[in-house]
Amino acid sequence: MDSELLNSQVRVVTIMKGLAAGQILTMDQMAEAIHRMQKLVGCGVFHVQSIWLFTRSDLKTIVIPQSAFGIINAIASSNDWPEVLSSVPMVFFWVWINLLPFAIDNQRQAEAILEDRHNKPWRTMPSQRMTEAQARILMLLLYPVSLFTSLRLGGTRQCLALMVLGYGYNDLNLADRSWISRNVINALGFCSFASGALEVAMNSPLSFSGENNQTVVKWLAMIGGIVFSTVQTQDMADQVGDSSRGRKSMPLALGDGPARWMIAIPMVGWSIVCPWFWGAGAVVHVVAAFLGLLIACRTLTWRSIEADKRTFQLWNLWMAGLYTLPLLSAGGR
C-alpha cells in the first residue's frame with residue numbers, strides 16, 4: 001500500500017473520530033473526507049478485481065463444474081434436497097477459496113507471466129496489477145484461509161491434497177516436464193475439487209463403505225480417467241504460449257495431429273461408457289454420444305486458435321453434462 005493511500009486512511013480515521021466527538025466539519029473537511037473515501041473505495045475495488053482475475057478463466061473449468069458435481073451427486077445420494085440446496089453457496093466458496101491460492105502460485109511464476117502475455121494478457125500479473133512479491137505474500141496468506149475453511153465446512157483431505165498437487169504443479173514444474181505428469185496432476189486435481197465439493201454439499205466425509213459411496217468413488221475414478229485422457233483439449237489453443245515457456249504439453253510433445261486424435265477417440269468412448277455406467281435411458285445415450293462425436297469432429301477439423309478455444313468451451317459443457325448423469329439415470333446403481 002503506497003504512502004498516499006495510507007495517509008488517506010489516517011486522515012479519514014481522524015475525521016471520523018472528530019465526528020464521533022461532536023466536532024462540526026467545515027465544507028473543505030467534508031470534501032476532503034469524501035475524496036479520500038472515494039480513493040479508498042476505488043483502491044479496494046481495484047484489489048478485489050485483481051484477486052478475481054486470478055480465477056476468472058477457471059470459472060468454466062473448475063469453480064462451476066466441480067461445484068455442480070458436488071451438488072448434483074449430493075442430491076442424487078440424499079433425500080434431503082432442502083439441506084443440500086442450502087449448502088450451495090458454501091460449496092461454491094469452498095471450491096473457489098481452494099482454487100485461489102493455487103491459481104496465484106501458478107500465475108506468479110516468471111514462466112507463467114511470459115505465457116500469459118501471449119495467451120491471457122488481461123490476467124493480474126501480465127497486466128501489472130500486482131508484483132510477484134505481493135502475489136507470493138497473498139498466496140501464503142490464503143493457503144491457511146483455505147485450510148481453515150475446509151476444517152469448518154468439510155473437504156479437509158482434499159484441501160491438503162490440492163496443496164501437495166499445487167506444489168508439484170507450480171514449484172516442481174511437473175506440469176511442464178511431461179504431458180503425462182501434467183494430465184495426472186490435472187486429473188487428481190479435478191477429483192479433489194469434485195469430491196471436496198461433494199463432502200461440503202453432503203456435510204459429511206466421503207466413505208468407501210456402502211453401495212452408494214462405492215458408486216460415487218467409482219464415478220470419481222471415471223472422472224479422473226476422463227480428465228487424464230481429454231484435458232489436453234485446453235492445450236490446443238495455447239501452443240504459442242506453452243512453447244515460449246518450454247512446456248511439454250501433448251500437442252508440443254507428440255505433434256498437433258496425434259494430440260487431436262488422442263482427444264477425439266476418448267471423447268467418443270467416454271460419451272458411451274458414462275451413460276452406460278449410470279444406466280441412463282436411450283435418449284441420454286444418444287444425446288451424450290452425439291455431443292461427444294461433435295466435439296471430436298471439431299477437434300479434428302477446426303484447427304485455428306479461436307476454434308480450439310471454442311472447442312475447449314464445449315468440452316467444459318460436455319463435462320458438466322456428464323456430471324448430470326446421476327440425476328438423469330434410470331434408477332442409477
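You'll find the structure just up there.
Cut-off values and rules
- Residues numbered from 1 in each chain as written.
- Predicted model: local features only at pLDDT ≥ 70, side-chain atom pairs only at ≥ 80, totals over all residues.
- Heavy atoms only, no water.
- Helix = DSSP H or I, 4+ residues; strand = E, 2+ residues; numbered from the N terminus.
- Buried < 20%, exposed > 50% of the residue type's maximum accessible area, 1.4 Å probe, protein only.
- Contact = heavy atoms within 4.5 Å.
- Areas by Shrake-Rupley, 256 points an atom, 1.4 Å probe, with all protein chains shown as cover.
- Expected span 1.5 Å × (residues − 1).
- Axes fitted to C-alpha atoms, helices over the stretch in contact; angles between N-to-C directions.
- Parallel < 35°, antiparallel > 145°, perpendicular 65-115°, else oblique.
- Left-handed = near helix turned anticlockwise from the far one by under 90°.
- 1 Å grid on protein atoms, 1.4 Å probe; cavity = no way out; pocket = protein on both sides within 12 Å on 5 of 7 lines; lining within 4 Å.
- Points joined across faces, edges and corners; volume = space filled by probe spheres on them.
- Nonpolar A, V, L, I, M, F, W, Y, C, P; charged D, E, K, R; others polar.
- Salt bridge = Lys/Arg side-chain N within 4 Å of Asp/Glu carboxyl O.
- Lys, Arg positive; Asp, Glu negative; His and termini not counted.

S.K.: I'd like a description of the overall build of the protein chain, backed by residues and values.
M.R.: A tally of helices and strands in the protein chain yields 17 helices and zero strands. Going through the 333 residues of the protein chain one by one, you find that 48% of them count as buried. Residue pairs in contact within the protein chain that sit at least 24 positions apart in sequence constitute 74% of those at least 6 positions apart. Approximately 16200 Å² of the protein chain is accessible, and the part contributed by carbon and sulfur atoms is 67%.

S.K.: Account for the side chain of Ser50, with residues named and values stated.
M.R.: The residue Ser50 is located in helix H2 (residues 27–55) in this model. Take Ser50: its relative accessible area is 0%, and that puts it in the buried class. The contacts of Ser50, once residues within four sequence positions are left out, are Thr124, Arg129 and Met130.

S.K.: Pulling in residues and values, what's your account of the environment of Leu300?
M.R.: Note that Leu300 resides in helix H15 (residues 282–301). Spatially, the C-alpha atom of Leu300 lies 6.9 Å from that of Trp261, the residues being 39 residues apart in sequence. Aside from chain neighbours lying at most four places away, what touches Leu300 is Arg260, Trp261 and Ala264.

S.K.: Can you explain H15? Please cite residues and give values.
M.R.: Under the 1.5 Å per step criterion, the end-to-end length of H15 is 28 Å for 20 residues, consistent within 8% with the ideal 28 Å. Val284, Ala288, Gly292, Ile295, Ala296, Arg298, Thr299 and Leu300 are the residues of H15 that are buried. Here the buried face of H15 lies against helix H14 (256–277), helix H16 (305–323) and helix H17 (325–328).

S.K.: Explain the packing of helix H5 (residues 88–107) against helix H7 (residues 132–153) to me, and be specific about the residues and the numbers.
M.R.: Running from N to C, H5 and H7 point in directions that differ by 150°, and their axes come no closer than 8 Å. Viewed along their axes, H5 and H7 adopt a mutual orientation that is roughly antiparallel. Judged by the sense of rotation from one axis to the other, the crossing of H5 with H7 is left-handed. Across from Met90, Phe93, Trp94, Ile97, Asn98, Leu100, Pro101, Phe102, Ile104 and Asp105 in H5, the residues of H7 making contact are Ala135, Leu138, Met139, Leu142, Tyr143, Val145, Ser146, Thr149, Ser150 and Leu153.

S.K.: Explain the layout of surface pockets residue by residue, including any values.
M.R.: Taken as a whole, the largest pocket holds about 920 Å³ of empty space. Residue lining of the largest pocket: 42 residues in total, with Ser57, Asp58, Lys120, Arg123 and Gln234 positioned closest to the centre. Of all elements in the fold, only helix H3 (59–77), H5, helix H6 (110–119), helix H8 (156–171), helix H10 (179–202) and H16 reach the threshold of two or more residues within the lining of the largest pocket. Counted by class, the lining of the largest pocket contains 15 nonpolar, 12 polar and 15 charged residues.

S.K.: Go over the pattern of salt bridges, please, and point to the residues and values.
M.R.: Enumeration over the complete set of coordinates arrives at 11 salt bridges. A salt bridge links Glu199 to Arg157; its shortest N-O distance comes to 2.5 Å. Placement of Glu199 in helix H10 and of Arg157 in helix H8 is noted, with a sequence separation of 42 residues between them. Its relative accessible area of 5% is what places Glu199 among the buried residues. One network of salt bridges, with partners in common, ties together Asp256, Arg260, Arg303 and Asp308.

S.K.: Lay out unusual backbone geometry in plain terms, naming residues and giving numbers.
M.R.: Although it is not a glycine, Gln128 adopts a positive phi angle of roughly 60°. By the element assignment, Gln128 lies in the loop between H6 and H7. Its relative accessible area of 70% is what places Gln128 among the exposed residues. Phi is positive for Asn173, which is not a glycine, with a value near 60°. The topology assignment puts Asn173 in the loop between H8 and helix H9 (174–177).

S.K.: Tell me about the side chain of Asp58, and name the residues and values.
M.R.: Within the secondary structure, Asp58 sits in the loop between H2 and H3. No salt bridge is formed by the buried Asp58; the nearest opposite charge belongs to Arg123, separated by 4.7 Å. Excluding anything up to four places from it in sequence, Asp58 contacts Val63, Leu99 and Ala103.

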